[in-house]
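Chain residues, written in single-letter form:
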Amino acid sequence: MIHLFRVAAGLESQIIGDFEIIGQIKKAYSRFKKERQNSNPYLERAINAAIQISKRIKNETGISNGAASVSYAAVHYILNSQKRITEKNILLLGVGEIGQNTVDNLVKHVYQPKIKIANRTQEKAEKISQKYNIPHVDYSDFDQELKNTDILIVATGAKHPIINRSHFPNGKETLVIDLSIPHNVEKNVTENENVTLIDVDELSKQIQETIQQREKEIPKAEKIIKELMKDFIEWEKEKTGT
């Protein structure tokens, strides 16, 4: 039982404070009840306690504060550095796992983002475009589309840089975020003084600071778990008459 509660608290997640698992627990239990067409009182109480733990820890601690993944760190940076974000033209190049996570975070945290996606494989771009109901551009039109772009996010898997200073010949202010490993954007893009480059190294520093701050919140989370675990044990004793 304690493991379930720690999972719900985000303490057993790969990234401390990641609460996506609680949504999966809810769905799994809902499916279980539907299939069985009945409810186990013990399990019902346990799941409800886990949900309560998750809510309290979110509200009473800072364990989920900050950006703890590269994709969210990128969106977090955009939100903190850009004014009138809903007016910015965002172009995402590359729709692999990191690219898709970035789109997901943009859609969640930016109100009606003006985002387009591009990918070498057109079929994959079309699939993601349909999933999130956002436009995609042909890879062959990338250079032309870049001229109207305010924020370029690169999440490609090339073995060498594919974006360089020649892509930014004019004086348009552009924020470039390179989420690729190895880097797919050459450092020389900043020779254009209107181009700002943020890469994984920079975002990783932000992530590490976030993790350190979250770790300080663990004792608060464990105190809440202990409190609700005690309530659960008392309920169980009353239920069994022991």
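We now turn to the structure provided with this report. (Residues numbered from 1 in each chain as written. Predicted model: local features only at pLDDT ≥ 70, side-chain atom pairs only at ≥ 80, totals over all residues. Heavy atoms only, no water.)

Quick notes on the packing of aromatic side chains
To keep things clear, this is the line we draw: We call Phe, Tyr and Trp rings a pair once their centres come within 6.5 Å, taking the six-membered ring for Trp, and we label the pair stacked below 30 degrees between planes, edge-to-face above 60, and tilted otherwise. What counts as a helix is a DSSP run of H or I of at least four residues, what counts as a strand is a run of E of at least two, and both are numbered from the N terminus.
Considering all chains together, one arrives at six aromatic pairs under this definition. Taken together, a centroid distance of 6.4 Å and an interplanar angle of 40° make the contact between Y42 and W235 tilted. Separated by 193 residues along the polypeptide, Y42 in helix α3 (residues 41-60) and W235 in helix α9 (residues 218-240) bring together distant segments of the chain. Relative to F142, the ring of Y139 has its centre 6.4 Å away and its plane inclined at 15°; by these criteria the two rings are stacked.

Here's the deal with the pattern of salt bridges
What counts, and what does not: In the sections that follow, a salt bridge refers to a side-chain nitrogen of Lys or Arg positioned within 4 Å of a carboxyl oxygen of Asp or Glu. For every residue, the accessible area obtained with a 1.4 Å probe (protein chains only) is divided by the maximum for its type, and the residue is called buried under 20%, exposed over 50%, and partly exposed between those limits.
Inspection of every chain in the model, using the stated rule, returns 12 salt bridges. As a salt-bridge pair, E222 and R6 come within 3.2 Å of each other at their nearest N and O atoms. Of this pair, E222 sits in helix α9 while R6 sits in helix α1 (residues 2-8), and the two are 216 residues apart along the sequence. Overall, E222 belongs to the partly exposed group, its relative accessible area being 35%. The class of R6 is partly exposed, set by a relative accessible area of 24%. When salt bridges with common partners are traced through the structure, they connect R6, E12 and E222 into a single cluster.

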